[in-house]
Every structure is written in structure tokens, then in C-alpha cells.
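# Structural description and commentary
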Amino acid sequence: FLRLLFPSVKYIVHIDGLEWARPKWGLLPSLFLRISERAGVHFSDAFIVDNLGIADYVARYYGKRYLRRASLLTYGSKILNDSELPIIGDIRLF
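Quick caveat, the model's predicted, so the values are computed rather than measured. (Residues numbered from 1 in each chain as written. Predicted model: local features only at pLDDT ≥ 70, side-chain atom pairs only at ≥ 80, totals over all residues. Heavy atoms only, no water.)

Time to look at the side chain of aspartate 50. Within the secondary structure layout, aspartate 50 lies in the loop between β2 (46-49) and α3 (52-62). Lacking a salt bridge, the buried aspartate 50 has arginine 22 as its closest oppositely charged neighbour, with an N-O distance of 10 Å. In this structure the side chain of aspartate 50 is engaged in a polar contact, spanning 3.3 Å, whose partner is the side chain of histidine 14. Polar contacts involving the side chain of aspartate 50 include one to the side chain of asparagine 51, which spans 3.0 Å. The residues touching aspartate 50, leaving out its near neighbours within four places in the chain, are His14, Ile15, Asp16, Leu72, Leu73, Thr74 and Tyr75. (Helix = DSSP H or I, 4+ residues; strand = E, 2+ residues; numbered from the N terminus. Buried < 20%, exposed > 50% of the residue type's maximum accessible area, 1.4 Å probe, protein only. Lys, Arg positive; Asp, Glu negative; His and termini not counted. Salt bridge = Lys/Arg side-chain N within 4 Å of Asp/Glu carboxyl O. Polar contact = N/O pair within 3.5 Å; in protein donor to acceptor, adjacent residues only side chain to side chain. Contact = heavy atoms within 4.5 Å.)

Structural data, given as C-alpha cells:
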């Protein structure tokens, strides 16, 4: 729908998981989430997955060709050692 109103805008969607499969949602919300996921994969310019399991799901369910538009952004951070923390050491948080 938004693509028709704003055709020049780039659309990036985050596929967060299989929300539609959660039992807490009930039939109509689950159907809405499933349709939204499908539209996001098919009609977005790019999409983000936050783990390899979701990337695998997209490849199996929608086809590997869609992975060309996917970016994997995992949660977490780099573990720093003490020499990489000069500012934190100066303000004595540790």
C-alpha cells in the first residue's frame, strides 16, 4: 500500500521472527502478521534478519533469491579489554 503512495521511497523491513506462529496471537492477528511478513519479503527493497535461523527460514519458505536483499544484523557487541576502555577507567565506573 505505501509503495503505491510513495513509489520513490526505499523500503527496508526487519523480519523479527515467526510472530504469526505464536499461540498468544489468535487467528486474525496471526493472519495479519503472516500477510505482513509475506509483503515485507516480496515488496521491500531490502530486509533485515537478526539471526541465521530467520535467514534460513526465508530461504526455505520464500526462496533463496530473496536472500540477495537480506542483511544479517546480529545482536551483541564486541567484548573490549581494559586497554580499550580509557574513558570508563577515567571516570571510575569499574
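Now, onward.
This next bit is on the side chain of serine 30. Within the fold, serine 30 resides in helix α2 (residues 27-43). Of the residues examined, serine 30 reaches a relative accessible area of 16% and is grouped as buried. For serine 30, the contacting residues outside a window of four places in its chain are Trp20 and Trp25.

What follows is about the packing of aromatic side chains. A complete count under the given rule lists three aromatic pairs for this structure. Between the aromatic rings of tyrosine 61 and tyrosine 62, the centroid separation amounts to 4.8 Å while the plane-to-plane angle is 85°, which identifies the pairing as edge-to-face. Given a relative accessible area of 39%, tyrosine 61 falls into the partly exposed group. Through pairs of rings, three or more aromatic residues link up here, namely Tyr57, Tyr61 and Tyr62. Here the basic side chain of arginine 34 rests over the ring of tryptophan 20, its NZ or CZ set 3.7 Å away from the ring centre. (Phe/Tyr/Trp six-rings, centres within 6.5 Å; stacked < 30°, edge-to-face > 60°. Lys NZ or Arg CZ within 6 Å of the ring centre and 35° of its normal.)

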